Amino acid sequence: MPDAPSPVSVLRVALPLPLPRLFDYRAPEGAAVAPDWIGRRVRVPFGPRELVGVVADVGPGEDDARELRAIFDCLDPDPLLQGELAESLAWLSRYLHAPLGEVLSTALPAALRRGEPLPETHAWAWRLTEAGATALAGLRAGTRPRRFAELLSATRPGDGSDRAIEAPPQRDIGSHRQRDEDSLDALMDDWRGAARALARRGLAERVAVPASQLAPMPQPGPTPNAEQAEAIAAIGACQGFAPLLLDGVTGSGKTEVYLQAIARCLDAGRQALVLVPEIGLTPQALARFRARLGVPVHALHSGLAEGERSRVWAAAWRGEARVIVGTRSAVFVPLPQAGLIVVDEEHDGSYKQQDGIRYHARDFALVRGKALDVPVLLGSATPSLESLHNARAGRYAHLRLRHRAGNAQPPRVRVLDVRKRPLQAGLSAELLQAMREAVDAGGQVLVFKNRRGYAPVLLCHDCGWSAHCPRCSTPEHGSPMTVHAGGRRLQCHHCGARQPAPPACPDCASLALQPQGNGTERIEETLAQSFADVPVVRVDSASTRRKDAMERHLDTLGERPGVLVGTQMLAKGHDLPNLTLVAVVGIDEGLFSADFRAGEKLAQLLIQVSGRAGRADKPGTVWLQTHHPGHPLLQTLIQGGYHAFAEQELAQRQAAGFPPFGHLALLRAEAKQADAPMAFLHAAKRALADKQASVALHGPLPAPMARRAGMHRAQLLLAADERRPLHRLLEAGLPLVYGLPEARRVRWSLDVDPLDLY
Ligand code: ADP
Ligand code: ZN
Ligand code: ZN
């Protein structure tokens, strides 16, 4: 009789596939599988492919487990995703109704997602061996090996009484003298050859040392004013999880409050995570954190090389990174010793991921803060209506900074009615005059126009033809292509399509093609003529494609008088102390948008852009140029400020049952075939109908941008007064949606708490 086969362990693996389930595999022959396999990455066969997944569960095998395929290998000696982070990500998968494997792979840096090992985070250093220390005097004077050995021996172990000869001594590890490679680079050209020569003779060796903890001495900040002190004390008094809304006008010193709260968190031996919007993480901002905190600050953003991102993640995982400042995806860093989470500019739309796993980093930060039992500080001059609503309901502590810090005064706002006035590139003579005066007084002027390119439309003056994107349209009409490069190029801002502008009208062959309206490019062109005596700098995503381009633009301008022209990229980031006039032009389209969040977004943008003026000692002025000076949004905002606006807007949202009072989920579908998205959504609606009476299903309807990049798009909106029935419905109905035959003809996605309905 053959021996009874040894029991087989089953690994339940979360794979990055759009399927809402785990996949079972057999552990390799002879491998002892214990629960500590959970959270490790494994490489597995999947059909003809090879995938990297994360073990989500282990279990004893049934008899048929022998039929399972075995994993190829296990990639981690220790669980990579465990404890709080693993639990929070599992929660996120349930909340977004998204496959766990996709959520986990979104949370991991790309290199780790692909299966690369968790990178080392230590630095390398060189030291003399005992033999090297003895042999030093015998090395021929003046040679490179001798110089290198002297550099190493210039750092003495012991009491520190010995002075470095050429450079300050480094910290000693144990009793050995050593220098890290970064400082060697600074001290000696091409030292590596000499190092290798000594190593071959056993006189020097390379050693791993913990990543340098050397950082500048912390610089003291300004003494907090009364409002700041109150906020700092309130944060300090938190025991465990507490959501706090730091609601402070622009320039009120919110960042100072963050810095003090983080310093306390570091004193308590804990890690701090700071989330900033996509365009908020400037070198200037990072430098401020580094200088003030006196610990290494790890930056995490999409501009980093893959290896660097994965190293920062690993440093956080090991608890070595004490302060992590990063954009949206930094919300996924492990925080084994968490003490505080800060979300700066919490209202910012870049916190919401708009494809794949559509998480909201601010909302997930709150979930993590709760699981980690640490305070979460949300800061903004224009809090989202969601957060204001929570603060007013008493769910968040509401900390307010009502005044600008230091000597800065709030900017004066003037509305400029331009009806019937002649305009030059969209700018009135009065505005140009005010700009001239500001520049002549030695100040800087910012012209804000939220439309990049030269002109939004190319029109035939003879027959009325205009250029449209062949691949994009709304249900009513084609989507105009934006004119770029002074009229030579056309570009679609929805799908990115580009083509040369036609030399003549394709319909009537007329040469009278005219760019209509104004974008930042044309405004820059006009201003370069009227302000030829000072620099005119344009800042938009076209002029700043390179990641540090905006900084370089602003650095070249410095504090000299000049003019900045830009889109919302200029609404935040770099501090411009000499900015005295902000001119806001062409916001009128935003006043009449159908999107339920359009008003909120416009109000936030106006306040944020205005807040750029007069941040230092010089007072600032804001000119708002509009054809609708009586529009209620503008009137409320100017007379009552952001909070008066928010009050009104919340009342309207409540009446309409929109967030934060109602809860939404949007099922989107797109396909090449025109009928497939609607067919799928109708089938989905049938699958979801009647499961929860309290959830309304609106649609399906073609999306507001019904065709984009050649794909036909449609959507089904789910709305409910309470969150719970909405989620119950999705839980019950979504498995059916996955199985629909119509689903195979479309690309579909579910967006829980959509930011907009496009
Ligand atoms: P916010 O983040 O609210 O926009 P910051 O923290 O950047 O504001 O502060 C705006 C400016 O005011 C900065 O130059 C900062 O150094 C300065 N500042 C902040 N707090 C104080 C204070 N208590 N006293 C003097 N200056 C301050
Ligand atoms: Zn024509
Ligand atoms: Zn297009």
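Our subject is the structure that appears above.
Numbering of residues begins from 1 in every chain and follows the order in which that chain's sequence is written. Chains carry letters from A onward and ligands carry numbers from 1 onward, assigned in written order. The model is predicted, so local features are restricted to residues of pLDDT at least 70 and side-chain atom pairs to those at 80 or more, both for listing and for counting; the totals for chains, interfaces and linings are taken over all residues. The basis for every side-chain value is the complete set of non-hydrogen atoms in the structure, without hydrogens or water.

### Points about the overall build of the protein chain
The helix count covers DSSP runs of H or I at least four residues long, the strand count covers runs of E at least two residues long, and both are numbered beginning at the N terminus. The helix and strand tally for the protein chain stands at 21 helices and 34 strands. Relative to its length of 758 residues, the protein chain is compact, with a C-alpha radius of gyration of 30 Å against a globular reference of 27 Å. Each principal axis of the C-alpha distribution contributes one length, and for the protein chain these read about 90 × 80 × 60 Å. Any residue under 20% of the maximum accessible area for its type is buried, any over 50% is exposed, and the rest in between are partly exposed; the area is computed with a 1.4 Å probe on protein chains only. Here the protein chain holds 758 residues, and 51% of them are scored as buried. Whether two residues are in contact is decided by their heavy atoms: any pair within 4.5 Å suffices. Residue pairs at least 24 apart in sequence account for 75% of intrachain contacts in the protein chain once pairs closer than 6 positions are excluded. The method behind every accessible area is Shrake-Rupley, applied with a 1.4 Å probe, and residues are considered shielded solely by the protein chains displayed. Total accessible area on the protein chain is roughly 34,400 Å²; 51% of this is exposed by carbon and sulfur atoms. Where the 89 positive side-chain charges of the protein chain centre and where its 82 negative ones centre are 3 Å apart. Radius of gyration means the value over C-alpha atoms here, while the globule rule gives 2.2 Å times the residue count to the 0.38 power. Charged-residue counts in this description rest on Lys and Arg as positive and Asp and Glu as negative, His and the chain ends being excluded. By convention, the point assigned to a charge is CZ for Arg, NZ for Lys, CD for Glu and CG for Asp.

### Quick word on the site of ligand 1
Whether a residue is near a molecule or strand depends on its heavy atoms: if one lies within 4 Å, it is near. Taken together, 15 residues sit near ligand 1, with Thr223, Gln228, Lys254, Thr255 and Arg288 positioned nearest. Pairing of N or O atoms within 3.5 Å defines a polar contact, subject to two protein rules: one partner must be a possible hydrogen donor and the other a possible acceptor, and residues neighboring in sequence count only if both atoms are side-chain atoms. For ligand 1, an oxygen atom lies 3.1 Å from a polar atom in the backbone of Gly251. Contact with the protein chains covers 75% of the free accessible surface of ligand 1, which is 560 Å². Ranked by residue count, the leading element in the shell around ligand 1 is helix H9 (residues 254-267), at 3 residues.

### Re the coordination of the zinc ion (ligand 2)
Any N, O or S atom lying within 2.8 Å of the metal counts as a donor, with the limit raised to 3.2 Å for Na, K and Ca; because water is left out of the atom set, some sites can appear incomplete. For the zinc ion (ligand 2), the full set of protein donor atoms is Cys460 (SG), Cys463 (SG), Cys505 (SG) and Cys508 (SG), and the range of their distances to it is 2.2 to 2.4 Å. Geometry at the zinc ion (ligand 2) is tetrahedral, judged from the 4 donor atoms that bind it and their angles of 107 to 113 degrees at the metal. Between consecutive donor residues of the zinc ion (ligand 2), the sequence gaps follow C-x2-C-x41-C-x2-C. Look at Cys505 and you get buried, because its relative accessible area is 4%. On the accessibility criterion, Cys508 (36% relative accessible area) is partly exposed. Here a site with four donors is tetrahedral if all angles are between 85 and 135 degrees, and a site with four or six donors is square planar or octahedral if opposite donors are over 155 degrees apart and the other angles are between 65 and 115; anything else gets the irregular label.

### A short note on the pairing of strand E28 (residues 562-566)
Most of E28 sits inside the fold, with 5 of its 5 residues counted as buried. Neither face of E28 is left uncovered, since the one carrying Gly562, Leu564 and Gly566 and the one carrying Val563 and Val565 both have all their residues buried.

### Here's the deal with unusual backbone geometry
Pro659 connects to Pro660 through a cis peptide bond whose omega is 5 degrees. For Pro660, the location among the structural elements is in the loop between helix H19 (632-656) and strand E31 (663-671). Unlike most non-glycine residues, His97 shows phi in positive territory, near 55 degrees. When you line up the elements, His97 lands in the loop between helix H1 (83-96) and helix H2 (100-107). The backbone of Glu345 sits at a positive phi, close to 50 degrees, despite the residue not being glycine. With respect to the helices and strands, Glu345 occurs in the loop between strand E13 (338-343) and helix H12 (361-372). Exposure remark for Glu345: the relative accessible area of 13% places this residue in the buried category.

### Structural notes on the pattern of salt bridges
The salt bridge definition used is simple: a Lys or Arg side-chain nitrogen within 4 Å of an Asp or Glu carboxyl oxygen. The full count for this structure, using the stated rule, is 34 salt bridges. Close ionic contact of Arg392 with Glu647 constitutes a salt bridge, the shortest N to O distance being 2.5 Å. Of this pair, Arg392 sits in helix H13 (residues 385-392) while Glu647 sits in helix H19, and the two are 255 residues apart along the sequence. Judged by relative accessible area, which is 44%, Glu647 ranks as partly exposed. Glu670 is the salt-bridge partner of Arg747, the closest N and O atoms lying 3.2 Å from each other. Note that Arg747 is positioned in strand E34 (residues 747-752) and Glu670 in strand E31, a separation of 77 residues in sequence. Bridged by salt links that share partners, the residues Lys352, Arg358, Arg668 and Asp751 form one connected network.

### Re the packing of H1 against H12
Under this scheme, a helix contributes an axis fitted over its contacting stretch, all axes are lines through C-alpha atoms, and angles between N-to-C directions fall in the 0 to 180 degree range. Closest axis-to-axis distance for the H1/H12 pair is 10 Å, and the angle between their directions is 135 degrees. The orientation of H1 with respect to H12, classified from their angle, is oblique. Note on packing geometry: the crossing formed by H1 with H12 is right-handed. Across the interface between the two elements, Glu84, Leu85, Ser88, Leu89, Trp91 and Leu92 of H1 pack against Phe364, Val367, Arg368, Ala371 and Leu372 of H12. Any residue outside Ala, Val, Leu, Ile, Met, Phe, Trp, Tyr, Cys, Pro, Asp, Glu, Lys and Arg is labelled polar, Gly included; the first ten of those are nonpolar and the last four are charged. Here the contact of H1 with H12 is built from residues that sort into 8 nonpolar, 1 polar and 2 charged. Here the angle decides the label: under 35 degrees means roughly parallel, over 145 means roughly antiparallel, 65 to 115 means roughly perpendicular, and every other value means oblique. For any pair of crossing helices, the crossing counts as left-handed if the nearer helix is rotated counterclockwise from the farther one by less than a right angle, and right-handed if it is rotated clockwise.

### Section: the coordination of the zinc ion (ligand 3)
Protein coordination at the zinc ion (ligand 3): the donors are Cys469 (SG), Cys472 (SG), Cys492 (SG) and Cys495 (SG), at 2.3 Å from the metal. Relative to the metal, the 4 donor atoms surrounding the zinc ion (ligand 3) lie at angles of 108 to 111 degrees, and the coordination shape comes out tetrahedral. We note that the donor set of the zinc ion (ligand 3) lies within a single chain, spaced as C-x2-C-x19-C-x2-C. With a gap of 20 residues between them, Cys472 in strand E21 (residues 468-473) and Cys492 in the loop between strand E24 (489-491) and strand E25 (498-500) connect regions that are remote in the sequence. Taken as a pair, Cys472 and Cys492 share a single burial class, namely buried.

### Considerations on H19
Each full turn of the α-helix corresponds to 3.6 residues, which orients residues three or four apart in the same direction. Taking 1.5 Å of rise per residue, 25 residues should cover 36 Å, yet H19 covers just 18 Å from first to last C-alpha, more than 12% shy of that figure. A residue's bend is the angle separating two fitted axes: one through the seven residues that end there, the other through the seven that start there. Most pronounced at Gly640, the bend in H19 amounts to some 130 degrees. Of the surrounding secondary structure, the elements contacted by the buried residues of H19 are H13, helix H17 (588-591), helix H18 (598-610) and strand E30 (621-626). Downstream of H19 by a residue or two, Gly657 has a phi angle that is positive, lying close to 70 degrees. Between the first and last residue of a helix there are one fewer steps than residues, each counted as 1.5 Å, and that sum is the expected span.

### Some thoughts on the pairing of strand E10 (residues 271-275)
Taken residue by residue, a regular strand's side chains alternate between the two faces of the sheet. Burial runs high along E10: 5 of the 5 residues are buried. Going residue by residue along E10, you find Gln271, Leu273 and Leu275 tucked away on one face and Ala272 and Val274 tucked away on the opposite face as well. Pairing between strands is defined by DSSP: at least two bridges between them are needed. Sheet analysis places E10 next to E13, joined by 5 bridges and oriented parallel. Bridged to Leu275 within E13 is Val343. Two elements, E10 and strand E12 (residues 323-326), share 4 bridges in a ladder whose sense is parallel. Paired with Leu275 across the strands is Gly326, a residue of E12.

### Thoughts on the environment of Val257
Assignment of secondary structure puts Val257 in helix H9. By relative accessible area, Val257 is classed as buried at 0%. Once the C-alpha coordinates of Val257 and Leu187 are considered, the two residues, 70 residues apart in sequence, prove to be 39 Å apart. Excluding residues within four positions of it along the chain, Val257 makes contact with Gln228, Ala231, Ile232, Ile235, Leu246 and Leu401.

### Comments concerning the packing of H13 against H19
Remark: H13 packs on H19, axes separated minimally by 11 Å, with the N-to-C direction vectors making an angle of 90 degrees. Between H13 and H19, the crossing angle belongs to the class labelled roughly perpendicular. Between H13, through Leu385, Leu388, His389 and Arg392, and H19, the contact on the second element is made entirely by Tyr642, His643, Ala646, Glu647, Glu649, Leu650 and Arg653. Of the residues contributing to the contact of H13 with H19, the split by class is 5 nonpolar, 2 polar and 4 charged.

### Digging into the side chain of Arg26
Looking at where Arg26 falls in the secondary structure, it is placed in strand E2 (residues 23-26). By relative accessible area, Arg26 is classed as buried at 19%. Here the side chain of Arg26 touches Leu68 through a polar contact of 3.1 Å, landing on its backbone oxygen.

### Here's the deal with the sheet that holds strand E3 (residues 41-46)
Ordered in space as E2-E1-E4-E3-E5, the 5 strands form an open sheet in which the pairing is antiparallel. At either end of the open sheet lies a strand with only one pairing partner, and these are E2 and strand E5 (73-74). As paired elements, E3 and strand E4 (residues 49-60) share 6 bridges and run antiparallel to each other. When the sheet's bridge partners are listed, Arg41 is paired in E4 with Val54.

None of the figures reported here should be taken as evidence of function without further support.
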